[in-house]
Amino acid sequence: MPASRIYSIFYCCYIPVGHAINSLLVFGWPTKYLPSLMSNAPIGLTAMMLGTLLTGYFDRIRFEHMADQFLINNFSYLGFTEPEPDEERSEFYSSLVVMVITGVWSYLLSVWVNAAPTANKPEGKEL
């Protein structure tokens, strides 16, 4: 089974668990859990889609190689060196960037979806 399919299956199973953890630790347990889960599920699905698209894009533009070259050219005094030809190719930098982007995406959407509704106060009437 391809790694992308394993990731997708795992992530779909993780959405309810992640929502429960966020509800318990961040936003408070909702009075109606299932509607809250259904309103938050698209956040996880869009984050998964965004992560998949960004990973493919970064692979296509050879982001990992560009990051390696940037670090070697600008920070060689910190010990960044050219990788050996037989070294296994890693995806560390692109994974890090994807994690940050999807994390910010999920955070912003979670705050927007889970924000308490604003009370509409009629204008001109004060007590």
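Since the structure is predicted, the reported quantities are computational estimates derived from the model, not experimental observations.

## Remarks on the overall build of the chain
The helix and strand inventory of the chain stands at 4 helices and 0 strands. Reading the secondary structure of the chain in the N-to-C direction produces α-α-α-α. A separation threshold of at least 6 residues defines the contact pool for the chain, and within that pool the share at least 24 residues apart is 70%. Summed over all atoms, the accessible surface of the chain reaches about 10100 Å², with 66% contributed by carbon and sulfur.

## Thoughts on the environment of valine 97
Structurally, valine 97 is set in helix 4 (residues 92-114). Given the relative accessible area of 27%, valine 97 is considered partly exposed. Linking valine 97 and leucine 54, residues 43 residues apart in sequence, is a C-alpha distance of 9.0 Å. The contact partners of valine 97, leaving out residues within four places of it in the chain, are Phe58 and Phe63.

## Quick notes on the packing of aromatic side chains
One pass over the structure, following the stated rule, counts 8 aromatic pairs. Pairing tyrosine 57 with phenylalanine 58 gives two aromatic rings, centres 6.0 Å apart and planes at 50°, and the pair type is tilted. Judged by its relative accessible area of 38%, tyrosine 57 is partly exposed. When its relative accessible area of 10% is taken as the criterion, phenylalanine 58 is described as buried. For the ring pair phenylalanine 75 and tyrosine 77, a centre distance of 6.3 Å and an interplane angle of 55° mean the geometry is tilted. Overall, phenylalanine 75 belongs to the partly exposed group, its relative accessible area being 27%. Taken together, the ring pairs connect Phe10, Tyr11 and Tyr14 into an aromatic cluster.

## Comments concerning the side chain of serine 94
Examined against the element boundaries, serine 94 turns out to sit in helix 4. In this structure serine 94 comes out as buried when scored by relative accessible area, which is 4%.

## Comments concerning the packing of helix 3 (residues 63-75) against helix 4
At a minimum axis distance of 7 Å, the contact between helix 3 and helix 4 shows a crossing angle of 105°. It follows from the interaxial angle that helix 3 and helix 4 lie roughly perpendicular. Residues Phe63, Glu64, Ala67, Asp68 and Leu71 of helix 3 form the contact with helix 4, whose own contacting residues are Phe92, Tyr93, Ser94 and Val97. Here the contact of helix 3 with helix 4 is built from residues that sort into 6 nonpolar, 1 polar and 2 charged.

## As for the nonpolar core
Counting residues in hydrophobic clusters, the biggest one holds 6 residues: Tyr11, Ile15, Leu37, Ala41, Ala47 and Met48. Secondary structure elements with two or more residues in this core: helix 1 (3-27) and helix 2 (33-60). Broken down by element, this core gets its largest block of residues, 4 residues, from helix 2.

## Overview of helix 2
Here helix 2 spans 40 Å end to end across 28 residues, near enough to the 40 Å set by a 1.5 Å rise per residue. At serine 39, helix 2 shows its maximal kink, close to 30°; a proline, proline 42, follows between one and four residues later. The positive-phi residue at the C-terminal boundary of helix 2 is arginine 62, with phi of around 60°.

Criteria and thresholds
Residues numbered from 1 in each chain as written. Predicted model: local features only at pLDDT ≥ 70, side-chain atom pairs only at ≥ 80, totals over all residues. Heavy atoms only, no water. Helix = DSSP H or I, 4+ residues; strand = E, 2+ residues; numbered from the N terminus. Contact = heavy atoms within 4.5 Å. Areas by Shrake-Rupley, 256 points an atom, 1.4 Å probe, with all protein chains shown as cover. Buried < 20%, exposed > 50% of the residue type's maximum accessible area, 1.4 Å probe, protein only. Phe/Tyr/Trp six-rings, centres within 6.5 Å; stacked < 30°, edge-to-face > 60°. Axes fitted to C-alpha atoms, helices over the stretch in contact; angles between N-to-C directions. Parallel < 35°, antiparallel > 145°, perpendicular 65-115°, else oblique. Nonpolar A, V, L, I, M, F, W, Y, C, P; charged D, E, K, R; others polar. Core = buried A, V, L, I, M, F, W, Y, C linked by side-chain atoms within 4.5 Å. Expected span 1.5 Å × (residues − 1). Bend = angle between axes of the 7 residues up to and from the residue.

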